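Examining the three-dimensional arrangement
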Amino acid sequence: MTGLVYKSTGSWYTVKSEKGDFIECRMKGKFRMKGIKSTNPIAVGDIVDYELEETSDTLTGTIHKIHERKNYIVRKSVNLSKQIHIIASNIDQVFLLITIDNPPTTTSFIDRFLVTAEAYGIEAVLIFNKIDTLNEQTLDDQLYLQHIYTEIGYKCLRISSTENKGVDKLKEMMVGKVSMFSGHSGVGKSTLVNAMEPSLHLKTSVISEQSKQGQHTTTFAEMYDLSFDARIIDTPGIKGFGIVDMEPTEISGYFPEFFKLKDQCKFNNCLHKEEPHCAIKAALEKDEIAWSRYNSYLKILEGDDEHYRTDIYGEDRAASDETRK
């Protein structure tokens, strides 16, 4: 029998059958995916073959095959630096939820996420959430960020779940597709899903005033069928986004605005750091490329997985303003 994985808890997987029934399944033996050292061989979104187990009191199943994935998105595993964690598979688009200070989302985090989405061939859309909570300064920051990413070519949405602003536009973009929602804990993923589909009653939490961080309300990735012909994969809040296995020379190819200029550099293997006649650095000096993006690029290039969460876009703007004096 063939089904679709809707939830993974590490040892058990909720699989939806072709008839629409949900069956709790386990893995049969160990799965070794080609070239993937993963902490979770089966992910939400996987199409699997399974057999029903009739020996137990409740009907369960055993998964014995994973179908080939059209795509998947990964990040570095939290505790095992050489292992990856597959967040979800077979995704049509991913929405990254961003809040300015409630909690703060840094440009380094945004850019690492976008680089990974580019690398795995998944369309990414940026959602600037909680726009109803912005004051004059944070509104300026939000519009500045939106300008940066719109110029690059990313779709951006401004949303307030509590005031139902932008929610209908988002729903239109999701019809007929499998969409993944991601972002830090506390950025309002569950609240937004509830605004689109109130019958789900997903658990929500409040932001800690002291730490400006959210509490985890989603423990495992889970897919939901929505009433307007859409599927959503809700994921646990991510603190950091470790980049996995990228060669230094390929990283700039996942920055679309860098990729457009790469062939204008004097050297084919230009890393856009100290090399002469570098088109990316020339564009940077003319403010045709955002300094925050270049800073993110350098951090990824240097493999700085430890300190990227401290880099707030306000500092990037200050650096840009200083350079222009």
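These numbers were taken from a predicted model, which means no experiment stands behind them.

A word on the nonpolar core
- Within the largest apolar cluster, 35 residues are counted, with the highest numbers of intra-cluster contacts made by Ile73, Ile110, Leu126, Tyr149, Met180 and Ile233.
- Looking at this core, the elements that each hand over two or more residues are β1 (2-8), β7 (84-89), β8 (93-98), α1 (107-119), β9 (123-128), α2 (136-152) and β11 (178-182).
- Sort the elements by how many residues they give to this core and α1 lands first, with five residues.
- Counting contributing residues, this core receives three or more from each of domain 1 (2-75) and domain 2 (91-206 + 217-234).
- Setting aside residues up to four positions removed in sequence, Tyr149 forms contacts with Thr107, Ile110, Asp111, Leu114, Leu126, Tyr154, Cys156 and Arg293.
- Grouped together as the second largest cluster of nonpolar side chains are 22 residues, Val115, Cys265, Cys278 and Ala279 included.

Some words on the pairing of β7
- In terms of burial, β7 is largely enclosed, as five of its six residues are buried.
- Two elements, strand β6 (residues 72-76) and β7, share five bridges in a ladder whose sense is antiparallel. Along β7, the bridge assignment pairs Arg75 with His85.

Observations concerning the state of the cysteines
- Considering all chains together, one arrives at zero disulfides under this definition.
- For Cys270, which is in no disulfide, the shortest distance to another cysteine sulfur is to Cys278 and amounts to 3.9 Å.

So, the UniProt feature "binding site: Zn(2+)" (unreviewed entry) in the protein
- UniProt's entry tags Cys265, Cys270, His272 and Cys278 with the feature "binding site: Zn(2+)" (unreviewed entry), counted in the numbering of this structure.
- When you line up the elements, Cys265 lands in the loop between α6 (256-259) and α7 (279-285).
- With near-sequence residues (within four places) excluded, Cys265 lies in contact with Cys270, His272, His277, Cys278, Ala279 and Ile280.
- The residues contacting Cys270, other than those within four sequence positions of it, are Cys265, Glu275 and Cys278.

Description of the pattern of salt bridges
- Under the criterion given, the structure shown has nine salt bridges.
- Across the pair Asp225 and Lys16 runs a salt bridge, and its minimum N-O distance is 2.6 Å. Highlighted residues: Asp225 in strand β12 (residues 222-226) and Lys16 in strand β2 (residues 13-17), separated in sequence by 209 residues.
- Where Arg69 meets Asp46, a salt bridge forms, and the shortest distance between an N and an O atom there is 2.7 Å.

What about the packing of α1 against helix α8 (residues 291-301)?
- Contact geometry for α1 and α8: axes closest at 9 Å, N-to-C directions at 70°. With respect to each other, α1 and α8 are oriented roughly perpendicular. Crossing of α1 over α8 shows right-handed handedness. In this structure, α1 uses Thr107, Ser108, Asp111, Arg112, Leu114 and Val115 to contact α8, whose residues at the interface are Ser292, Arg293, Ser296, Lys299 and Ile300.

Criteria and cut-off values
- Sequence order sets the numbering: in each chain, residues are counted from 1 along the sequence as written.
- Predicted model: local features are reported for residues with pLDDT of at least 70 only, side-chain atom pairs are reported and counted for 80 or more only, and whole-chain, interface and lining totals are derived from all residues.
- Think of the side-chain values as coming from all heavy atoms in the structure, minus any hydrogens and water.
- Remark: nonpolar core denotes a set of buried residues (Ala, Val, Leu, Ile, Met, Phe, Trp, Tyr, Cys) joined through side-chain atoms within 4.5 Å.
- Note on classification: 1.4 Å probe, protein chains only; a residue is buried when its accessible area is under 20% of the maximum for its type, exposed when over 50%, partly exposed between these limits.
- Here a strand is any run of E in DSSP of at least two residues, a helix any run of H or I of at least four, and the numbering for each starts at the N terminus.
- What fixes the domain bounds is an automatic or database domain assignment.
- Only heavy atoms matter for contacts: two residues are in contact if any of them lie within 4.5 Å across the pair.
- Pairing between two strands requires that DSSP report at least two bridges joining them.
- Whenever a pair of cysteine sulfur atoms sits within 2.5 Å, that pair is classed as a disulfide.
- UniProt positions are given in the numbering used here, feature names are shortened, and annotations may be inferred rather than shown by experiment.
- Throughout this description, the term salt bridge denotes a Lys or Arg side-chain nitrogen within 4 Å of a carboxyl oxygen of Asp or Glu.
- Comment: axis = line fitted to C-alpha atoms, over the contacting stretch for helices; angle = value between 0 and 180 degrees taken between N-to-C directions.
- Here is the rule for angles: anything less than 35 degrees is roughly parallel, anything more than 145 is roughly antiparallel, 65 through 115 is roughly perpendicular, and the remaining ranges are oblique.
- By definition, any crossing whose near helix is turned counterclockwise from its far helix by less than a right angle is left-handed, and any crossing with a clockwise turn is right-handed.

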